[in-house]
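Below, each chain spelled out in residue letters.
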Amino acid sequence: MNIQVLPDHKLSSVAPLKPCNVEKKEVELILVKDQNGVQYTSSTIMPTPSTHGTPCTAEEQAERETWGKKIDFLLSVIGFAVDLANVWRFPYLCYKNGGGAFLIPYILFLVIAGMPLFYMELALGQYNREGAATVWKICPVFKGVGYTVIIIALYVGFYYNVIIAWSLYYLFSSMTSELPWLHCGNAWNSPNCTDPKLLNGSFLGNGTSYAKYKMTPAAEFYERGVLHLHESRGIQDLGMPRWELVLCLVAVVFLLYFSLWKGVKSSGKVVYITATMPYVVLFVLLIRGITLPGAMDGIRAYLHIDFKQLNDPKVWIDAATQIFYSLGAGFGVLIAFASYNKFDNNCYRDAILTSTVNCVTSFFSGFAIFSVLGYMAYKHGVRIEDVATEGAGLVFIIYPEAISTLPGSTFWAIVFFIMLLTLGIDSSMGGMEAVITGLSDDFKILKRNRKLFTFATAFGTFLVALFCITNGGIYVLTLLDNYAAGTSILFGVLIEAIGVSWFYGVDRFSEDIERMMGFKPGLYWRLCWKFVSPTFLLVVVIASIVTSTGLSYDDYVFPSWSNVIGWGVALSSMMFVPIYAIYKFLSMPGTFKQRIAYCITPEHEHHLVAEGATIRQFTLKHWLAI
């Protein structure tokens, strides 16, 4: 055997090779040895026949596709993490929960849980170069959680694309000399429609928030002109899909398909526009916003500091859930994106950079939002809290109404809805890529037919999304938004963190990172992965279940059967964890102990189980290692 010394960074020539069977992987590991601290490898690798007697194909030995440029990956991750929630949720949460004081729990959870989980997923995907399901060759019994996050990403695509379609509809509707939600008197307006100029604190009366007043032209355009909500009696009365929204949804799905059909080579170029445009628009909107009367009152309200709010546990729960959902860990997207990185890419630096950019964006967007809310409060003579709101009510009612009163309103409306469109598109691209990569890595026939599979995935999300663009579609969307990626995604990431940190082992995971980048993660990261992050996730899972209440949309309370369906949707993804674990155990050969060993031992070590060697997971040293 010819032996040559390789420096650490050259190990990437061995480690990322994809095994086509167990034996091939065993050969790889035998060839990489450590003698007196020096890494050695063979200059040649001889493939061995698989257990099924089939040799490796040329396709199986082919190198995995990689990002065209490093910036493609960074923009894709930032584009996925920075989504609509950064604009329509964080600013309001910050304002509601003590202003500047809210940043204390928010930054705390970012440092002890958000960044560690973000880093863990990037490293996991990059080292193993697999999607969310097949990455669990490191601990086969946990493969079910890979399917869980893939299913959740698919569910989110069902309704998230609808919100993008709304943005597109608003964009087209804005291309007029006078915005359609400026006045009453349109075909969709009710007899009770009230001119906003007549609305002030005295008109509304005590206890009525301007943000909740549904008789303004902007509110009626959204609920009656776009959603046709007045034609539905509830979730049991959906009606037919609206043809205008169907066309918008078709456009969104086609845009997603042609962005993803060629893999990261095509999607990596699309994000040059979709990931950067929101920053340009936010900056332009901020400059315009701070010139409006009352803008400074809105910004002062946004930044006010109320430390007493920190005594409320709900503030801490809000901070924990926001940091988790904002960074996007657990959807399989970060694993999928990182799997296309070069083996020696510095994913540690990427994790710090992209998670920080995401959180700074959330904070920055608050200035653009609250400068306009301050203007609205000034214009109608009401308090900031009367116009402050979150979600669709903010970006489809309050903000468009404010824009409609400005000189050059058509321009500002087009700019704003282009921002919403780009915020949504790259996040939706990330979710769909997680599904495509995760399943095509597991089922090679899908990888060989990626274009067809991408089309089938996009078309499938389109068909289900049709239920969300009916007259009562907002009720379906609300149900999916609450249950499809609520407790289930928290549960998925909790299991993922336990699988990596405890069963695979933080020490072994750290060694994998060292092989890639030449240095081990510090003690801080290892402690977070093993103890802090799982504890954080467990607390958030429990809190989400305890604080769960029946669904409602404004004054409409969902029937109890719809909540049962909602929990059924949530459980439909979570059940993959126990079902696959049972299946894996039953499909393994040998005694009870050997089956357990096969389930929790990395696939490349299965030969040790067959030989009766001591398995590291059966030793106390493994569980105490950090």
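All figures in this text were calculated on a predicted structure; none of them were measured in a lab.

Participant: Would you mind showing me how to read the overall build of the protein chain here?
Facilitator: Per the secondary structure count, the protein chain includes 29 helices and five strands. Look at the contacts in the protein chain between residues 6 or more apart in sequence, and 81% of them connect residues 24 or more apart. Summed over its atoms, the accessible surface of the protein chain is roughly 25,300 Å², and 66% of this surface lies on carbon and sulfur atoms.

Participant: What should I look at first to understand the state of the cysteines in this one?
Facilitator: What is meant by a disulfide is a covalent connection between two cysteines, made through their sulfur atoms. Summed over the entire model, instances satisfying the criterion amount to one disulfide. At a sulfur-sulfur separation of 2.0 Å, the disulfide partner of cysteine 184 is cysteine 193. Measuring handedness by torsion sign, the sulfur bridge of cysteine 184 and cysteine 193 sits at about -80 degrees and is left-handed. What makes cysteine 184 partly exposed here is its relative accessible area of 29%.

Participant: Can you help me understand unusual backbone geometry in this one?
Facilitator: Backbone phi values are negative for most residues with the exception of glycine, while trans is the configuration of most peptide bonds. The phi angle at histidine 228 is positive, at roughly 55 degrees, despite the residue not being glycine. Topologically, histidine 228 is positioned in the loop between α9 (217-226) and α10 (243-260). Judged by relative accessible area, histidine 228 falls into the buried class, the value being 18%. Despite not being glycine, aspartate 554 has its phi angle at roughly 55 degrees, a positive value.

Participant: What exactly am I supposed to notice about the UniProt feature "binding site: Na(+)" (unreviewed entry) in the protein chain here?
Facilitator: Sites flagged by UniProt as "binding site: Na(+)" (unreviewed entry) map to Gly79, Ala81, Val82, Asn86, Ser326, Asn358, Leu423, Asp426 and Ser427. Spanning 349 residues, the annotated positions come together in the fold, the maximum distance between their C-alpha atoms being 14.1 Å. As for its position among the elements, asparagine 86 is in helix α4 (residues 84-88). We classify asparagine 358 as buried; its relative accessible area is 0%. Not counting residues within four places of it along the chain, the set of residues in contact with asparagine 358 comprises Ala81, Val82, Asn86, Ser326 and Leu327.

Participant: I tried to follow the pattern of salt bridges on my own but got confused; where do I start?
Facilitator: Where charged atoms from two side chains of opposite charge come close, those side chains can pair. Inspection of every chain in the model, using the stated rule, returns 20 salt bridges. For arginine 508, the salt bridge goes to glutamate 605, with nearest N and O atoms at 2.8 Å. Taken together, the positions of arginine 508 in helix α23 (residues 487-517) and glutamate 605 in the loop between α27 (592-600) and α28 (606-611) put the pair 97 residues apart, joining distant regions of the chain. Looking at glutamate 605, the relative accessible area reads 14%, which means it is buried. Of the charged contacts, one joins aspartate 512 and arginine 515 as a salt bridge, the two residues approaching to 3.0 Å between their closest N and O atoms. Taken together, the positions of aspartate 512 and arginine 515, both in helix α23 and three residues apart, correspond to about one turn of that helix. Residue arginine 515 is classed as partly exposed on the basis of its relative accessible area, which comes to 31%. One salt-bridge network, held together by shared partners, links Arg64, Asp441 and Lys447.

Participant: Please clarify how the nonpolar core should be interpreted in this entry.
Facilitator: Side chains that are nonpolar tend, in soluble globular proteins, to be buried together. One finds Trp166, Tyr222 and Phe396 to be the most contacted residues of the largest nonpolar core, which totals 201 residues. Not counting chain neighbours up to four residues away, the residues in contact with tyrosine 222 comprise Trp166, Tyr170, Leu227, Ala392, Phe396, Ile397, Ile474 and Tyr553.

Participant: Where do I start with the confidence of the model for the protein chain in this structure?
Facilitator: Segments scoring low in pLDDT should not have their predicted coordinates read at a detailed level. Looking at the protein chain as a whole, its pLDDT mean stands at 87, while 89% of the residues score no less than 70. Summarising per-element confidence for the protein chain, the mean pLDDT is lowest in strand β3 (residues 38-42) (37) and highest in helix α26 (residues 576-587) (97). This model gives residues 1-61 a pLDDT under 50, and the stretch forms 79 contacts once residues within four places in sequence are excluded.

Participant: Looking at this structure, I do not really get helix α6 (residues 103-128). What am I missing?
Facilitator: Because an α-helix completes one turn every 3.6 residues, residues spaced three or four positions apart along the sequence face the same direction. The terminal C-alpha atoms of α6, which comprises 26 residues, lie 35 Å apart, in line with the 38 Å expected from a rise of 1.5 Å per residue. Its maximal kink placed at leucine 110, α6 deviates by approximately 50 degrees. Counting buried positions along α6 gives 20 out of 26 residues, so the element sits mostly inside the fold. Where α6 ends, the next residue or the one after it, arginine 129, has phi of about 55 degrees, a positive value.

Participant: How should I be thinking about the packing of helix α7 (residues 143-173) against α9 in this particular structure?
Facilitator: To characterise two packed helices, one gives the angle between the axes of the helices and the distance between these axes. Following both chains from N to C, one finds α7 and α9 inclined at 110 degrees, their axes separated by 13 Å at the closest point. When the interaxial angle is binned, α7 and α9 end up roughly perpendicular. Judged by the sense of rotation from one axis to the other, the crossing of α7 with α9 is right-handed. Each of Trp166, Tyr169, Tyr170 and Ser173 in α7 lies in contact with α9, whose residues at this interface are Phe221, Tyr222, Gly225 and Val226. Looking at the contact of α7 with α9 residue by residue, the classes come out as six nonpolar, two polar and no charged.

Participant: Could you clarify how one ought to interpret the packing of helix α12 (residues 277-289) against helix α19 (residues 409-442) in this entry?
Facilitator: Packing of α12 against α19 leaves a shortest axis separation of 9 Å and a crossing angle of 145 degrees. Our pair here, α12 against α19, has a crossing hand that is left-handed. Mapping the contact onto sequence places Met277, Pro278, Val281, Leu282, Val284, Leu285 and Arg288 in α12 and Trp412, Val415, Phe416, Ile418, Met419, Thr422 and Leu423 in α19. Classifying every residue of the contact of α12 with α19 gives twelve nonpolar, one polar and one charged.

Participant: Help me understand a nonpolar patch on the surface, please; the structure alone is not making it clear to me.
Facilitator: Taken together, the side chains of Phe455, Phe459, Leu463, Val464 and Phe467 define a hydrophobic patch exposed on the protein surface, amounting to about 440 Å² of accessible area. Its place among the elements puts phenylalanine 459 in helix α21 (residues 450-465).

Participant: I keep staring at the packing of aromatic side chains and nothing clicks. Help me out?
Facilitator: In this description, a pair of aromatic rings is defined by centroid distance and the angle of the planes. Taken as a whole and assessed by the stated rule, the structure comprises 58 aromatic pairs. With a centroid separation of 5.6 Å and an interplanar angle of 70 degrees, the aromatic rings of tryptophan 67 and phenylalanine 337 are classed as edge-to-face. Remark: phenylalanine 337 occurs in helix α15 (residues 333-338) and tryptophan 67 occurs in the loop between α2 (58-61) and α3 (70-81); sequence separation between them is 270 residues. Comparing tryptophan 67 with phenylalanine 337, the two get one shared label, buried. Note on tyrosine 475 and tyrosine 556: the rings are 4.4 Å apart at their centroids and 40 degrees apart in plane angle, and the pair reads as tilted.

Participant: I would appreciate a short explanation of the side chain of serine 544 in the present structure.
Facilitator: By secondary structure assignment, the location of serine 544 is in helix α24 (residues 523-546). Within the structure, serine 544 has its side chain in polar contact with the backbone oxygen of valine 541 (distance 2.7 Å). Ignoring any residue separated from it by four or fewer positions in sequence, one finds serine 544 in contact with Thr487 and Leu490.

Criteria and cut-off values
- Residues numbered from 1 in each chain as written.
- Predicted model: local features only at pLDDT ≥ 70, side-chain atom pairs only at ≥ 80, totals over all residues.
- Heavy atoms only, no water.
- Helix = DSSP H or I, 4+ residues; strand = E, 2+ residues; numbered from the N terminus.
- Contact = heavy atoms within 4.5 Å.
- Areas by Shrake-Rupley, 256 points an atom, 1.4 Å probe, with all protein chains shown as cover.
- Disulfide = S-S within 2.5 Å.
- Buried < 20%, exposed > 50% of the residue type's maximum accessible area, 1.4 Å probe, protein only.
- UniProt positions renumbered as here; feature names shortened; annotations may be inferred.
- Salt bridge = Lys/Arg side-chain N within 4 Å of Asp/Glu carboxyl O.
- Core = buried A, V, L, I, M, F, W, Y, C linked by side-chain atoms within 4.5 Å.
- pLDDT = per-residue confidence, 0-100.
- Expected span 1.5 Å × (residues − 1).
- Bend = angle between axes of the 7 residues up to and from the residue.
- Axes fitted to C-alpha atoms, helices over the stretch in contact; angles between N-to-C directions.
- Parallel < 35°, antiparallel > 145°, perpendicular 65-115°, else oblique.
- Left-handed = near helix turned anticlockwise from the far one by under 90°.
- Nonpolar A, V, L, I, M, F, W, Y, C, P; charged D, E, K, R; others polar.
- Patch = residues over 30% accessible without salt bridge, like charges linked within 9 Å, V, L, I, M, F, W, Y side chains within 5 Å.
- Phe/Tyr/Trp six-rings, centres within 6.5 Å; stacked < 30°, edge-to-face > 60°.
- Polar contact = N/O pair within 3.5 Å; in protein donor to acceptor, adjacent residues only side chain to side chain.

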